[in-house]
Amino acid sequence: MPAPTVRFAPSPTGLIHIGNARTALLNALYARREGGTFILRFDDTDLERSTRKYATAIETDLKWLGIPPDRIVRQSERFDLYHAVAERLKTMGRLYACYETPDELERRRKRQLARGLPPIYDRAALTLAEEDKRRLEAEGRRPHWRFRLDHRTIAWTDLIRGECHVDCASLSDPVLVRADGTYLYTLPSVADDIDLAITHVIRGEDHVTNTAVQVQIFEALGASAPAFAHHNLLTAASGEGLSKRLGHLSLASLREEGLEPQAVASLAVLVGSAEAVRPVSSLDELAGLIDFAHISRAPARFDESELMHLNARLVHGMSYEAVRDRLVGFGILGGEAFWNAVRANLATVSDAAAWWLVVQGPATPVIADRDFTEKAANLLPPEPWDGSTWKTWTDAVKGATGAKGRALFMPLRLALTGREDGPELAGLLPLIGSERAKARLSGQTA
């Protein structure tokens, strides 16, 4: 079987969100696993709303996720192909001119509904004589163009949804070209899928109803339709649909929050599948978990709190080498010892900056019992300190004061860090150092 060629086809009219990322990842990781090609196709035929700014943002998002495309295609640069396909369909009699206005079509739809008939286009334009068309055009009307469907059932085996079929007699002939000559989604999409030799169309289930029409256009152009896989859609935790235009859970916002791309990818791919949602450490491993047959048909809810939990689990397991450059970028110079001391208490890598401030100071101590902390300060062992210093010191304080458990450890934590919780002090104490520790135990900001 030849290697697959797949495409992710966003419109660059806004920031892509986690639901869009689900589609992109399923395509890119399937191609990666099977040794195929992943194409980013910008559906930017709407020249007024599509912007290069959003196209650039989408490329940035895919690179951040770790799935940069093998090839980038822009529909705005391919109009010659679409014109040729449209002319070919006109010559074949499959694309025909229609002159009804939107108001006329709406009135006709209401009459059909009132008579108990399905509100589909009645193909009245097919009965227009050439002189009628000339008269309408002389009145200033310009035709839109519909694809004449064969009234038969189209069936396909969806890789996710199984056996699917649509009776095309129940559908209106779709408009493929507007009166102003611009194209709706369907014609450029099919033309590109043929030209780019797309083998698998992996997309959201909101496109299922388009499939039968597209299959007929493929067949009319003498091409075999690709395999289809329509996955379930992601919603917000509330059940609300995600909106690219409103910026819901955009990848840009998740990145700005300091989330790891691998956490985002893990949840986007695994939620709503048979696999348990968990942090997956590499995209290759995640690709191996994709099984179209076991993706649920029910909508999958994307819970930001679950994402934060996944992110924290990933951060806790990250090596110093994996984060070194970012830590230096945050001005954190504590090296591996600092990272190992704090990582188990971080939700994001950027959270380490707050603990670096605690280590370096100035930090304001919280002193509940000055006599206790002064005794503790006097019992601090001489440097150099290491991971065993904390136990040696607290054993000495316990022996001198009789304090134990929370009564021993909490006053020391509050004095040294100004916080009630945080990383194990066995790791932090050597980083704080003797001078700052003594100052804080005596109540000084240091």
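Right above here is the structure, for reference.
Every value quoted in this text rests on a predicted model; they were computed, and no experiment measured them.

**Topic: the overall build of the chain**
Per the secondary structure count, the chain includes 18 helices and twelve strands. Taking 2.2 N^0.38 as the reference for a compact globule, 446 residues should give roughly 22 Å; the C-alpha atoms of the chain span a radius of gyration of 31 Å, well beyond that estimate. Once the C-alpha set of the chain is aligned to its principal axes, its extents read approximately 105 × 45 × 40 Å. Expressed as a percentage of its 446 residues, the buried residues of the chain come to 47%. Looking at the chain alone, contacts between residues at least 24 apart form 74% of all its contacts between residues at least 6 apart. Surface exposure of the chain reaches about 21,100 Å², of which carbon and sulfur atoms provide 50%. Separation between the mean location of the 54 positive side-chain charges and that of the 58 negative ones in the chain comes to 2 Å.

**Digging into the layout of surface pockets**
Roughly 230 Å³ of volume is contained in the second largest pocket. Taken together, 14 residues form the lining of the second largest pocket, with Leu105, Pro119, Tyr121, Arg146 and Ser172 sitting closest to its centre. Split by residue class, the lining of the second largest pocket holds seven nonpolar, two polar and five charged.

**Some remarks on the packing of helix α16 (residues 389-401) against helix α18 (residues 425-441)**
Think of two packed helices as two axes; the pair is described by the angle between the axes and how far apart they sit. Look at α16 against α18: their axes get within 9 Å of each other, and the N-to-C directions meet at 50°. Between α16 and α18, the crossing angle belongs to the class labelled oblique. On α18, the residues that touch Thr389, Trp390 and Trp393 of α16 are Leu425, Ala426, Leu429 and Leu441. Of the residues belonging to the contact of α16 with α18, the class tally is six nonpolar, one polar and no charged.

**What about unusual backbone geometry?**
In this model, glycine 361 is joined to proline 362 through a cis peptide bond whose omega is 0°. At the junction of glutamate 383 and proline 384, the peptide bond is cis and its omega measures out at 10° in the coordinates. You can see proline 384 is positioned in the loop between α15 (370-378) and α16. A positive phi angle, near 60°, is found at arginine 123, a position not held by glycine. Even without being a glycine, alanine 197 presents a positive backbone phi close to 55°. Summarising the element assignment, alanine 197 is placed in the loop between α6 (186-195) and β9 (200-204).

**Brief notes about the packing of aromatic side chains**
For the coordinates displayed, the defined rule picks out seven aromatic pairs. Between the aromatic rings of tyrosine 30 and phenylalanine 292, the centroid separation amounts to 5.3 Å while the plane-to-plane angle is 50°, which identifies the pairing as tilted. In this pair, tyrosine 30 sits in helix α1 (residues 18-33) while phenylalanine 292 sits in the loop between α10 (283-288) and β12 (300-302), placing the two residues 262 residues apart along the sequence. The burial state of tyrosine 30 is the same as that of phenylalanine 292; both residues are buried.

**Regarding the packing of α16 against helix α17 (residues 406-417)**
Here α16 crosses α17 at 120°, and the two axes come no closer than 11 Å. Between α16 and α17, the interaxial angle falls into the category oblique. In the packing of α16 onto α17, the handedness of the crossing is right-handed. Facing α16, whose interface residues are Trp390, Trp393, Thr394, Val397 and Lys398, α17 presents Leu408, Phe409, Leu412 and Leu416. Per-class residue counts for the contact of α16 with α17 are seven nonpolar, one polar and one charged.

How each quantity is defined
- Starting afresh in each chain, residues are numbered from 1 along the sequence in its written order.
- Residue-level local features of this predicted model are given only where pLDDT is at least 70; pairs of side-chain atoms are given and counted only at 80 or more, and the full residue set underlies all totals for whole chains, interfaces and linings.
- Side-chain measures here rest on the full set of heavy atoms in the structure, leaving out hydrogens and waters.
- In this description a helix means any DSSP run of H or I spanning at least four residues, a strand means any run of E spanning at least two, and both kinds are numbered starting from the N terminus.
- Here the radius of gyration uses the C-alpha set of atoms, whereas the globule reference equals 2.2 Å times the residue count to the power 0.38.
- The buried label goes to any residue with under 20% of its type's maximum accessible area, the exposed label to any with over 50%, and the partly exposed label to all in between, with areas taken from a 1.4 Å probe on protein chains only.
- In this analysis, two residues are considered to be in contact whenever any of their non-hydrogen atoms come within 4.5 Å of each other.
- Residue exposure ignores everything except the shown protein chains as possible cover, and the areas themselves are Shrake-Rupley values with a 1.4 Å probe.
- For the purpose of charge, His is not counted, nor are the chain termini; Lys and Arg are scored as positive and Asp and Glu as negative.
- One atom stands in for each charge, and that atom is NZ of Lys, CZ of Arg, CG of Asp or CD of Glu.
- A 1.4 Å probe that fits but cannot get out identifies a cavity on a 1 Å grid over protein atoms alone, an open set with protein on both sides within 12 Å along at least five of seven lines counts as a pocket, and a residue lines either if it has an atom within 4 Å of a point.
- Grid points are joined across faces, edges and corners, and a volume is the space filled by probe spheres set on the points.
- Under the convention adopted here, Pro, Cys and the residues Ala, Val, Leu, Ile, Met, Phe, Trp and Tyr are nonpolar, Asp, Glu, Lys and Arg are charged, and Gly plus all remaining residues are polar.
- Lines fitted to the C-alpha atoms define the axes, with helices restricted to the stretch that makes contact. Angles between their N-to-C directions range from 0 to 180 degrees.
- Working rule for angles: under 35 degrees goes down as roughly parallel, over 145 as roughly antiparallel, 65 to 115 as roughly perpendicular, anything else as oblique.
- Stacked, tilted and edge-to-face are the three classes applied to pairs of Phe, Tyr and Trp rings, where Trp contributes its six-membered ring and a pair requires centres within 6.5 Å; stacked means planes under 30 degrees apart, edge-to-face means over 60, and tilted covers the rest.
- Each helix crossing is assigned a hand: it is left-handed if the near helix lies turned anticlockwise from the far helix by less than a right angle, otherwise right-handed if that turn is clockwise.

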